[in-house]
Amino acid sequence: MIYKVITKKEFKKFVNGLINSNETFGPRQVNTAKDGKPIYQFKEVHSFDEMELDYTLSYSSLKNFFLPFREVLSRYNFTDDNWEQEIEYRVNPRVIVGVRACDINALCKLDDIFVNGSFPSPYYIARRNNTFLIGMDHLPMDDCFCMSMGELVVRQGFNLFCTDLGDRYYLSINSSKAFNFLRNVKTTDPTDKDDRQWLERRNLIKRSFNTTVDTSSLPNLLDIEFDSPIWEKWGDKCLNCGTCAMVCPTCYCYGIEESIDVSLKSSRRERFQHSCTVVDFAEVAGGHNFRPSKEARLKYRYYHHYHGFAENADEQICVGCNRCGRNCLAGINPKDVIDDLLMEKTDEV
Amino acid sequence: MKYKLPKEDINLKPFMSKPPRYNWKDVIMRTDKTYKCEIINIIELTPMEKLFHLKILDPVERDIFSFRPGQFLMLEVPGFGEVPISISSSSNNKEYIALCIRKAGRVTDILHKAKKGAKVGIRGPFGTSFPMEEMIGHNILLIAGGLGLAPLRAPLYWISEHRDEYEDVSLLYGTKDPPSMLFTYEYAEWEKVNHIDLLTIVDQGDDGWTGRTGLITELFKEMTIDPDNTFAIVCGPPIMFKFVCNYLDSIRLPMNRMFVSLERRMHCGMGKCCRCMVGSTFTCVDGPVFDYWSVMNLKEAI
Amino acid sequence: MKYLGIDPQKIKIGVFNFTCCEGCALALANKEETLVDFLDLLDVVTFREISSDRGEDYDIALVEGSISRDDEIERIKKIRAQAKVLVALGTCACYGGVNNLKNQFKIEEVVEIAYGKDKVETSKVRPLSDVVKVDLEIPGCPVSKAEVEKIVVDIVNQSEINFPEYPVCVECRRNMNTCVFDLGMICLGPITQAGCDAVCPNGGVGCLGCRGPAEDANYESFREILEENGFTMQEALERINFYNALPGMVIDES
């Protein structure tokens, strides 16, 4: 990693340069919630000023840039009594500006599954390799708990990461692409003062966390407490609406659907974002459902997130952004569910 | 002897017989490309089950496709969808792949309507397989319920082709009634040519039925199993293998010598979509063949 | 499909209108980009929105609208006798739909408000399934043409028909909408069957539940959510009664 410092004025010039040459996405306000708080999403931007880089966190995660909610995997073209399969991985290059640390770490977790795991996904790799990511630190929201998950610091998975030092940014440059682009603007080597300020800023961020979640014992506890009554308690609240999984930056489970075009001349094989909390996720041919109850489905999401699955060496995949908790109508959130789970055993001792 | 550690011989693992492919690490594949096959034969086994013979059309792909007993493939019917099916033919058969398919959903329904000569796609093979090499020199107990006989046909072929390497081989097969019995036309061959002890039983007999009736566990009364020298392979509905494995456990057959094949609805076959998860384990990558110890440790398996 | 050795069968359809706005039948004639292909799959015997031909030898009857008069009962029974498959098209046919609003009042009152002193024969509004056996229900106000296309393609190919079981929220979130509750309005999306691509929330309007209940919908939790968000049950019921397609929410209440 190479470190540089850039003034905010130069940074704007740099980003505008990228925007002018590439499809670029950045945080923009799309709505105002009833409590007056702005709602942000990553949207296409045409100039630096359209972005709101002091945003809190985007409403939906960045996941869908890499794992679109719906994506055609292949097409079949039918001829008289035959067919041909057609597969394409072409993706246009794009830039995403202002990505939070937790979202970058979430992508690293997806990389473990779709790039580093067995059967790397060409669809994911095509999107990932064609995306230029500029990360940006921020002060946590009240309910963020990425520090508890150890996902506060980014080490990889981005091109450029900016730490806010007031009138300038401290840049961590993590790719030759970024380094080359930065040659177009003025950057300086960090001075001792910059380094100190950088550390101060890091410490400020750490001190600002108000929510901690203890997940260290969860891999075992989730096994031990598989039949705990707390799942029924939270399961009864769950709407099985899949919102948590759709906004989550790491929920990647999917389904595959095929449909024949109306012309009967071709068909599409599509991957669509699914969720274990949704009713038909574990349903099999003939109608049997391996997870017929609300609690079994909700529990499964927690199991995946905090126990981990074999595919990425049983690593927990939650990054602590709390999008699921914030967006759950029923008020189900990791902090309360996990505290409940821990409390249950502590009370009994 | 009771506390002697068994020797695990890595040389017996299937991958050891192949030359190493050092340059194949982390290759990106076209993971959704199917091998085009022609259905060259359709055999109606019961009103619900048909046996399909598939021939891979491209000679290069036909050469690449090799599988081990117990593995499954994803069968694609373009436009309708993809289903996981365990392979029911000999792993030595380079001419065609046999798939025994029950009519159970959108894809299998349309497949049952398909005619000879139809073109379908396959991806695979995927998943783990039965430990054919490790079982050499031992007795083998094959236990199947209902459609569970389909995945056992591949190891049956393997055993027949290497019959002298194995000791006593028994096949215990139970179905709900006589018409549901699969592959009845092959029983005589299995018994007489391949020297496999075949014991069948049905839950409910009919007028013509002269064989045994009752649950599959009844068959254990007719035989003695040497727990120190036997491997068991169990395929069938979860409730069946629970009872069967409990019995085998009670006679002290070690759990790591009991193998079951789990059934879930795989969508990708590659450990990505999480549709076939059992606990924290992928049926498609870590299974479908598990030893019973692993199954016991999986949440939601039974 | 031909490659399987199965010949696609054109389907002989009749489209029939009962008490409704005929919006569902019109929806069938929408989506111009695929309309020609769509009509190619059909052998239209009776469909007054697109053709003046009238025939009697249809196999599949697509019936929109609800039952609100005695002569309609006779007519639907005749259609049932002729059709091999009877499809209830749209929320009115499946649940009674908007027409249900009338059921909250006395029949005489309703007639007087709508028609003044004229005598009009009318009765309580009922879904088709109250009168005849319905083979397939395609809900929606109006029906989604994309969904109808999919179903017709499935029928033509003799394939099984599947509907989404999950609630509208799944599709709404896929479209990256802001939750309507976050905007301070009621939305029935969490308990309503998906398949409409969340068309109402896409426009910033709460779902009215026209597609009926999602599988295993959690009414109890949804009631608590309404309360926590400061809505009264009365406000929610007004919304639900608009289509009357979520009986679970209402019956549980009493």
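Here is what the cut-offs are and how they apply
- Residues numbered from 1 in each chain as written.
- Chains lettered and ligands numbered in written order.
- Predicted model: local features only at pLDDT ≥ 70, side-chain atom pairs only at ≥ 80, totals over all residues.
- Heavy atoms only, no water.
- Patch = residues over 30% accessible without salt bridge, like charges linked within 9 Å, V, L, I, M, F, W, Y side chains within 5 Å.
- Areas by Shrake-Rupley, 256 points an atom, 1.4 Å probe, with all protein chains shown as cover.
- Salt bridge = Lys/Arg side-chain N within 4 Å of Asp/Glu carboxyl O.
- Helix = DSSP H or I, 4+ residues; strand = E, 2+ residues; numbered from the N terminus.
- Domains from an automatic or database assignment.
- Contact = heavy atoms within 4.5 Å.
- Buried area = accessible area lost by both parts, 1.4 Å probe.
- Polar contact = N/O pair within 3.5 Å; in protein donor to acceptor, adjacent residues only side chain to side chain.
- Buried < 20%, exposed > 50% of the residue type's maximum accessible area, 1.4 Å probe, protein only.
- Nonpolar A, V, L, I, M, F, W, Y, C, P; charged D, E, K, R; others polar.
- Expected span 1.5 Å × (residues − 1).
- Arc of directions from axis to C-beta.

Some remarks on a nonpolar patch on the surface
A grouping of I10, F15 and M16 of chain B is seen on the molecular surface, where their side chains present a nonpolar patch of about 300 Å² in accessible area. Summarising the element assignment, I10 of chain B is placed in the segment before β1 (35–44).

Digging into the domain arrangement of chain A
Residue and element names in this part refer to chain A. When its domains are assigned, chain A resolves into domain 1 (2–207) and domain 2 (218–348). Taking the mean C-alpha position of each, domain 1 and domain 2 sit 26 Å from one another. In this complex, domain 1 contributes 36 residues to the contact, which on the side of domain 2 involves 38 residues. When the two sides are added together, the surface that domain 1 and domain 2 hide from each other amounts to roughly 3300 Å², 53% of it contributed by carbon and sulfur. Summed over the shared surface of domain 1 and domain 2, the result is six salt bridges. The interface formed by domain 1 and domain 2 includes 22 residue pairs in polar contact (both at pLDDT 80 or more).

Focus: the environment of D9 of chain B
All names here are of chain B. Structurally, D9 is set in the segment before β1. A relative accessible area of 30% places D9 in the partly exposed class. When the C-alpha atoms of D9 and V83 are compared, they prove to be 35 Å apart, with 74 residues separating the residues in sequence.

Some points on the interface of chain B and chain C
Taken residue by residue, the interface counts 13 residues in chain B and 11 residues in chain C. Among the residues of chain B in contact with chain C, F80, R106 and K113 of chain B are the three that bury the most area, contributing 48% of the side total. In this assembly, chain B and chain C are joined by one salt bridge. Between R106 of chain B and D154 of chain C there is a salt bridge; the shortest N-O distance is 3.1 Å. At the boundary of chain B with chain C, the tally comes to eight residue pairs in polar contact (both at pLDDT 80 or more). Contributions of two or more residues to the side of chain B that touches chain C are made by α2 (106–113) and β6 (119–126) of chain B. It is α2 of chain B that contributes the most residues to the side of chain B that touches chain C, four residues altogether. For the side of chain B that touches chain C, the per-class residue count stands at seven nonpolar, one polar and five charged.

A few points about helix α5 (residues 192–207) of chain A
At 3.6 residues per turn, the α-helix brings residues three or four places apart onto the same side. Residue and element names in this part refer to chain A. Here α5 is 16 residues long and its end C-alpha atoms lie 23 Å apart, about the 22 Å a rise of 1.5 Å per residue gives. Within α5 the residues assigned to the buried category are D194, R201, R202 and I205. Down the axis of α5, the sector holding all buried residues measures 100°, keeping them to one side. Turned more than 90 degrees away from the buried face of α5, the exposed residues are K193, R196, E200 and R207. Among the structural elements, β1 (2–7), β8 (160–164) and β9 (168–173) are those in contact with the buried residues of α5.

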